[in-house]
Amino acid sequence: MSDERPQKPLPEEQLSRETTSLEKAPSVSGPGASAAPAAPAAPVLPGQPGQPVAAPALRASDADRERVVERLRDAVAEGRLDMEEFQERLEAAYASRTYAELEPLTRDLPAVGGVPAGAAAVAAGPGQEQAAWPERIGGAGTSSTAVAVMSGFQRKGQWTVPARFNAVAFWGGGDLDLREASFSQREVVITCIAVMGGIQITVPPGVEVDVRGIGVMGAFDQRGNPGPLQPGAPRVVVTGFAMWGGVEIRVKPLKSDRENKPRRRKEL
């Protein structure tokens, strides 16, 4: 006689619950098995590494701000802005930190060189300044005065032009070559006094030149086309007095720059 007792059948409700739970359980093996649901990704907060940043949110550089300021100065000279508007926008430009803050300052101004003025700073983008001008602006001036009395003086090559430079030529001549020079500030003023003598100033293309000198039986003469202004290029103001003498400003590229330009083939 066996001691085994017959097992009691499971209640219908308990059997139904166990069957349902087995059907819903995910399969962990087999060719058709589905992967377990992935954990939700952590939210990416603004400013975290790897998150794309819109161009207007990028930080503006000093060169970007200077480009906008130059456009505002041109607008004043053209009569598009009065001095009160210019002063307000000038303060806003120097206080701006992003492209989004710079763009509205020139949004209502016409295009320059086919590029909308409001997008001038954004079009260049960070790290795309031409001619490496931002690297050549800043520092202490090499010298602030040059005098030639029945003799001559010369400043050329790599030197730093101070914010204010005085050049005097009396029965003599002077040569100031700025093509390889650095500039202590974005705008420099060169005051020339030429009496029965002459002073020659040479600047590279793309640099803004403002001639304000007065000539009495003499002249302040600018020769050469500066071409389109390069973003971030300095502004050179030439002023002073010439009597029985002259001050000549020439726009001329370096010899190496001319040699690098492709030569046009002459047609027979």
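What counts and what doesn't
- Think of each chain on its own: its residues are numbered from 1, step by step along the sequence as written.
- Local features are withheld for residues below a pLDDT of 70 in this predicted model, meaning they are given only at 70 or higher, and side-chain atom pairs are given and counted only at 80 or more; totals for whole chains, interfaces and linings count all residues.
- The side-chain quantities take in all heavy atoms of the structure and omit both hydrogens and water.
- Helical segments are the DSSP runs of H or I of at least four residues, strand segments are the runs of E of at least two, and each set is numbered from the N terminus.
- Each residue is assigned to one of three classes by its accessible area relative to the maximum for its type, calculated with a 1.4 Å probe on protein chains only: buried under 20%, partly exposed between the two thresholds, exposed over 50%.
- Think of a polar contact as two N or O atoms within 3.5 Å of one another; within protein, one of them needs to be a possible hydrogen donor and the other a possible acceptor, and neighboring residues in sequence only count if both atoms come from side chains.
- Here the aromatic set is Phe, Tyr and Trp, taking the six-membered ring for Trp, and pairing holds for ring centres within 6.5 Å; pairs whose planes are under 30 degrees apart are stacked, those over 60 apart are edge-to-face, and all others are tilted.
- Whether two strands pair depends on DSSP finding at least two bridges between them.
- Angles shown run from 0 to 180 degrees and are taken between the N-to-C directions of axes, each axis being a line fitted to C-alpha atoms and, for helices, limited to the stretch in contact.
- Contacts are assigned to residue pairs that have any heavy atoms within 4.5 Å of one another.
- By convention in these notes, a salt bridge is any Lys or Arg side-chain nitrogen within 4 Å of a carboxyl oxygen on Asp or Glu.
- Here a helix's expected span is defined as the number of its residues, less one, multiplied by 1.5 Å.
- Working note: the arc is built from the helix axis to C-beta atom directions.

Student: Quick question: what am I supposed to make of unusual backbone geometry here?
Tutor: Most peptide bonds are trans, and most residues other than glycine sit at a negative phi. The phi angle at Met217 is positive, at roughly 55 degrees, despite the residue not being glycine. Along the chain, the position of Met217 falls in the loop between strand E10 (214–216) and strand E11 (219–223). On the basis of relative accessible area, Met217 is assigned to the exposed category, the value being 57%. In the Ramachandran plot, Trp244 falls in the positive-phi region, its phi being about 55 degrees despite a non-glycine side chain. Summarising the element assignment, Trp244 is placed in the loop between strand E12 (235–243) and strand E13 (246–251).

Student: What am I meant to see in the side chain of Arg179 here?
Tutor: Checked against the element boundaries, Arg179 lands in the loop between strand E5 (173–177) and strand E6 (182–183). Judged by its relative accessible area of 15%, Arg179 is buried. At a separation of 2.8 Å, a polar atom in the side chain of Arg179 contacts the side chain of Asp177.

Student: Which parts of the structure should I look at to understand the packing of aromatic side chains?
Tutor: The geometry of an aromatic ring pair comes down to the distance between the two centres and the angle between the two planes. In this structure the tally under the stated criterion is three aromatic pairs. With a centroid separation of 5.8 Å and an interplanar angle of 65 degrees, the aromatic rings of Trp159 and Phe165 are classed as edge-to-face. Per residue, the accessibility class of Trp159 equals that of Phe165, and both read buried. Relative to Trp171, the ring of Phe170 has its centre 5.8 Å away and its plane inclined at 5 degrees; by these criteria the two rings are stacked.

Student: How should the sheet that holds E5 be read in this particular structure?
Tutor: Two strands in a sheet stick together by hydrogen bonds in their backbones, pointing the same way (parallel) or opposite ways (antiparallel). Reading across the sheet, the five strands line up as E2-E5-E8-E13-E11 and stay open at both edges, with parallel pairing between neighbours. Every interior strand has two partners, whereas the edge strands, strand E2 (152–155) and E11, have only one. On average, each strand axis in the sheet is tilted by 10 degrees relative to the strand beside it, whichever way the strands run. Relative to E5, E2 runs parallel, the two being bridged by four bridges. Paired with Arg155 across the two strands is Leu176, which belongs to E5.

Student: Please explain the environment of Asn166 as it appears in this structure.
Tutor: Inspection of the secondary structure assignment puts Asn166 in strand E4 (residues 164–170). Residue class for Asn166 comes out partly exposed when judged on its relative accessible area of 36%. With 26 residues separating them in the primary sequence, Asn166 and Cys192 have C-alpha atoms 6.1 Å apart. Not counting the four nearest positions on each side in its chain, Asn166 is found in contact with Ser144, Thr145, Ala146 and Thr191.

Student: What is the right way to look at the pattern of salt bridges in this model?
Tutor: If the charged atoms of two oppositely charged side chains come close together, the side chains can form a pair. Overall, the coordinates contain 14 salt bridges when judged by the stated rule. In this structure, the salt-bridge partner of Glu70 is Arg73, at a minimum N-O distance of 2.6 Å. Placement of both Glu70 and Arg73 in helix H2 (residues 62–77) is noted, with a separation of three residues, approximately one turn of the helix. Taking relative accessible area as the criterion, Glu70 reaches 10% and is therefore assigned buried. Arg73 gets classed as partly exposed once you look at its relative accessible area, which sits at 30%. Taking the shortest distance from any N to any O, the salt bridge between Arg73 and Glu187 comes out at 3.9 Å. Residue Arg73 is found in helix H2, and its partner Glu187 is found in strand E7 (residues 187–195); the two are separated by 114 residues along the sequence. Judged by relative accessible area, which is 28%, Glu187 ranks as partly exposed. Salt bridges sharing common partners tie together Glu70, Arg73, Arg186, Glu187, Glu208, Asp210, Arg212 and Arg235.

Student: Would you mind going over helix H3 (residues 83–95) with me for this structure?
Tutor: At 3.6 residues per turn, the α-helix brings residues three or four places apart onto the same side. Between the first and last C-alpha of H3 there are 18 Å, a value that for 13 residues agrees with the 18 Å anticipated at 1.5 Å per step. Among the residues making up H3, those that are buried are Phe86, Arg89, Leu90 and Ala93. Within H3, the buried residues cover an arc of 110 degrees as seen down the axis, which keeps them to one side. In this structure, H3 carries Glu84, Glu91 and Ala95 as exposed residues pointing more than 90 degrees from its buried face. In this structure, the buried residues of H3 make contact with H2 and helix H4 (99–102). Two or three places before Glu84, at the start of H3, stands the capping residue Asp82, its side-chain oxygen 3.3 Å from that residue's backbone nitrogen.

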